[in-house]
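A look at the structure
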Amino acid sequence: MDGIYTAAQAERGKGLFTSLCERCHSVQEFSGRSFDAIWAGTTAATLYARIATTMPLDQPGSLAIPQVTALMAHIFNENKMPAGENPLEGNMDWLATISMARPTE
Ligand code: HEC
């Protein structure tokens, strides 16, 4: 999980989350223990697919790939996973190799 997104990407995702997701969600639903309960141990591809194909609930499939990856970067950042040099990309084969975990507190 180290360095798989950039800080700039997370910043963009934060803005997208506010405009597209916050009327139904708070980011806390996707961070901390809630993250552990639902997403820990699953692959980044699962999270990608969930967001890309089912969200926003009233407009599923409307997000562009860079929007989905930015939203994921925001979620990773909220979970204190370290940012790095290379942006998160919407490559499902690669995302499927990443098992998601939060750093231990
Ligand atoms: C109109 C309300 C609405 C909007 C807008 C919306 N969601 Fe959701 N979202 C829901 C509901 C309701 C659920 C749970 C029901 C379901 O499983 O479909 C959900 C479930 C999810 C889940 C799965 C959570 C879990 O506990 O398994 C994720 C991840 C998610 N949303 C991300 C997003 C993101 C990212 C956005 C912004 C692009 C977004 N949602 C926008 C209503 C919304």
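Just so it is clear, the structure is predicted and the values come from calculations on it, not from any experiment.

A short note on the layout of surface pockets
- By volume, the largest pocket is sized at about 380 Å³.
- Of all the secondary-structure elements, those providing two or more residues to the lining of the largest pocket are α1 (7-21), α3 (44-54) and α4 (65-78).
- Per-class residue counts for the lining of the largest pocket are 15 nonpolar, 1 polar and 2 charged.

Side note on the nonpolar core
- Counting 29 residues, the largest nonpolar core has Tyr5, Ile51, Met72 and Phe76 as its most contacted members.
- Looking at this core, the elements with two or more residues in it are α1, α3 and α4.
- Top contributing element to this core by residue count: α4, with 7 residues.
- With sequence-adjacent residues up to four places away left out, Ile51 is seen in contact with Leu63, Val68, Leu71, Met72 and Ile75.

Some thoughts on unusual backbone geometry
- With an omega of -15°, the peptide bond between Met55 and Pro56 qualifies as cis.
- Its location among the elements puts Pro56 in the loop between α3 and α4.
- Of note, the phi angle at Lys80 is positive, near 65°, even though the residue is not glycine.
- The class for Lys80 is exposed, based on a relative accessible area of 66%.

A short note on the coordination of the iron atom of the ligand
- Protein-derived coordination of the iron atom of the ligand comes from His25 (NE2) and Met55 (SD), at a distance range of 1.9 to 2.2 Å.
- For the iron atom of the ligand, the 6 donor atoms in the first shell make angles of 86 to 179° at the metal, a pattern classed as octahedral. Residue His25 is located in the loop between α1 and α2 (33-38), and its partner Met55 is located in the loop between α3 and α4; the two are separated by 30 residues in the primary sequence.

Digging into the packing of aromatic side chains
- Across all of its chains, the model carries 2 aromatic pairs by this definition.
- Seen from their ring centres, Phe17 and Phe30 are 6.1 Å apart, and the 80° between their planes marks the pair as edge-to-face. On the criterion of sequence distance, the pair formed by Phe17 in helix α1 and Phe30 in the loop between α1 and α2 is long-range, its members being 13 residues apart. Each member of the pair, Phe17 as well as Phe30, carries the same accessibility label: buried.

A short note on the site of the ligand
- Every one of the 16 residues lining the ligand counts as a neighbour, but Cys21, Cys24, His25, Arg50 and Met55 are closest to it.
- Contact distances for the ligand include 2.7 Å between an oxygen atom and a side-chain N or O atom of Arg50.
- Mapped by element, the contributors of at least two residues to the shell around the ligand are α1 and α3.
- Of the residues contributing to the shell around the ligand, the split by class is 12 nonpolar, 1 polar and 3 charged.

About the thresholds
- Residues numbered from 1 in each chain as written.
- Predicted model: local features only at pLDDT ≥ 70, side-chain atom pairs only at ≥ 80, totals over all residues.
- Heavy atoms only, no water.
- 1 Å grid on protein atoms, 1.4 Å probe; cavity = no way out; pocket = protein on both sides within 12 Å on 5 of 7 lines; lining within 4 Å.
- Points joined across faces, edges and corners; volume = space filled by probe spheres on them.
- Helix = DSSP H or I, 4+ residues; strand = E, 2+ residues; numbered from the N terminus.
- Nonpolar A, V, L, I, M, F, W, Y, C, P; charged D, E, K, R; others polar.
- Core = buried A, V, L, I, M, F, W, Y, C linked by side-chain atoms within 4.5 Å.
- Buried < 20%, exposed > 50% of the residue type's maximum accessible area, 1.4 Å probe, protein only.
- Contact = heavy atoms within 4.5 Å.
- Donors = N, O, S within 2.8 Å, 3.2 Å for Na, K, Ca; no water.
- Tetrahedral: all angles 85-135°; square planar, octahedral: opposite > 155°, others 65-115°.
- Phe/Tyr/Trp six-rings, centres within 6.5 Å; stacked < 30°, edge-to-face > 60°.
- Near = heavy atom within 4 Å.
- Polar contact = N/O pair within 3.5 Å; in protein donor to acceptor, adjacent residues only side chain to side chain.

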